[in-house]
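Descriptive analysis of the structure
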Amino acid sequence: MQKKIKKLFLSLGALTGVLAALIPMTAYAEVSQTAPSHVEVTVMSAITLEVEVNGEDPEDEHRVFFDDPVLGTTSEADFSATVSTNQPYTLSLNALDGQTDMLPAGTTSENAPLGGKIPGTGEIVEGKTSWGVKLASDADFSAIPATITKFYEGADPVQGAETKFTVGLAAGTDLLDGTYLSTLVVTAATK
């Protein structure tokens, strides 16, 4: 009987070895799964604006100067707005705080003496006192807008696109001496 048990033990051992050899090795490997990943990137509208006055460095004070205008004549000076954007865009202009008149420092339109202000009517003709602005490519000047007003529209994204503007000044013979100031705000915006 001992021989039979030994044979049975050896037979069972061999059978276990054969069965173990039939089990695939992947059953012992680490279990893993895969799934698709969704990647999303959001690119926001971007726009930059640089203003250059009379060919000067954009880091300067951005001032348009009319040095010693001759009374009874007109003068012009240029500035440009350079835009880079990934969207169609607009360029708009307006007078800071709605103040369209050029005035001596410390003066308001209401308390300026006769001949002591330059109205922003855009009538740039000899003998008048006025100032205005236009796209350099336009023939006529516009009144200085008190509120933001679109002057240029770009249909495509651009890199360093320059738009030229011209400021016109008519110095009438009744204009008092002094330094007259106003601030024109240039706004670039994506559509």
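Residues numbered from 1 in each chain as written. Predicted model: local features only at pLDDT ≥ 70, side-chain atom pairs only at ≥ 80, totals over all residues. Heavy atoms only, no water.

1. A word on the sheet that holds strand β5 (residues 149-154)
The pairing of strands in a sheet comes from backbone hydrogen bonds and takes either a parallel or an antiparallel form. Spatially, three strands are ordered β5-β3-β7 in an open sheet, and the strand pairing comes out antiparallel. This sheet does not close on itself; its edge strands, each paired only once, are β5 and β7 (184-190). Across the sheet, the mean angle separating the axes of adjacent strands is 20 degrees when strand polarity is ignored. Pairing analysis gives five bridges linking strand β3 (residues 89-95) to β5, with the strands arranged antiparallel. Its bridge partner being in β5, L91 is matched across the sheet by Y152. (Pairing = 2+ DSSP bridges. Helix = DSSP H or I, 4+ residues; strand = E, 2+ residues; numbered from the N terminus. Axes fitted to C-alpha atoms, helices over the stretch in contact; angles between N-to-C directions.)

2. Quick look at the nonpolar core
As a rule of thumb, soluble globular proteins bury nonpolar side chains together. With 26 residues, the main nonpolar core has F79, L91, V133 and F165 as its most contacted residues. Elements supplying a minimum of two residues to this core: β1 (47-53), β2 (73-85), β3, β4 (130-135), β6 (158-171) and β7. Leaving out residues up to four positions away in the same chain, V133 has contacts with F79, L93, F141, S142, I144, F151, F165, T166, V167 and L184. (Core = buried A, V, L, I, M, F, W, Y, C linked by side-chain atoms within 4.5 Å. Buried < 20%, exposed > 50% of the residue type's maximum accessible area, 1.4 Å probe, protein only. Contact = heavy atoms within 4.5 Å.)

3. Quick word on the layout of surface pockets
For the largest pocket, the calculated volume is near 990 Å³. For the largest pocket, the lining is made up of 33 residues, of which V64, M102, Y180, L181 and S182 are closest to its centre. For the lining of the largest pocket, the elements supplying multiple residues, two or more each, are β1, β6 and β7. Split into classes, the residues belonging to the lining of the largest pocket amount to 21 nonpolar, six polar and six charged. (1 Å grid on protein atoms, 1.4 Å probe; cavity = no way out; pocket = protein on both sides within 12 Å on 5 of 7 lines; lining within 4 Å. Points joined across faces, edges and corners; volume = space filled by probe spheres on them. Nonpolar A, V, L, I, M, F, W, Y, C, P; charged D, E, K, R; others polar.)

4. Quick look at the confidence of the model for the chain
In regions of low pLDDT, the predicted coordinates are not meant to be interpreted in detail. On average, residues of the chain score 81 in pLDDT, and 79% of them are at 70 or above. A low-confidence stretch, residues 3-20 stays under pLDDT 50, and its non-local contacts, those more than four residues away or across chains, total zero contacts. (pLDDT = per-residue confidence, 0-100.)

5. Let's talk about the sheet that holds β4
Spatially, four strands are ordered β1-β2-β6-β4 in an open sheet, and the strand pairing comes out antiparallel. Here the strands that pair on one side only, and so sit at the sheet edges, are β1 and β4. Averaged over all adjacent pairs, the angle separating strand axes in this sheet is 20 degrees, with direction ignored. Here β4 runs beside β6; their pairing, made up of six bridges, is antiparallel. Note on β6: the bridge partner recorded for K134 is T166.

6. Looking at the environment of K134
Note that K134 resides in strand β4. For K134, the residues in contact, after removing those within four places along its chain, are A139, D140, F141, K164, F165 and T166. There is a polar contact of 2.9 Å between the side chain of K134 and the backbone oxygen of D138. (Polar contact = N/O pair within 3.5 Å; in protein donor to acceptor, adjacent residues only side chain to side chain.)

7. Observations regarding the pairing of β2
When β1 meets β2, the two strands line up antiparallel, connected through seven bridges. Note on β2: the bridge partner recorded for I47 is T85.

8. Here we look at the packing of aromatic side chains
Counting across every chain of the model gives three aromatic pairs. Taking 6.1 Å as the distance between ring centres and 45 degrees as the angle between the ring planes, the aromatic pair formed by Y89 and Y152 counts as tilted. Placement of Y89 in strand β3 and of Y152 in strand β5 is noted, with a sequence separation of 63 residues between them. For Y89, a relative accessible area of 2% corresponds to the buried category. (Phe/Tyr/Trp six-rings, centres within 6.5 Å; stacked < 30°, edge-to-face > 60°.)

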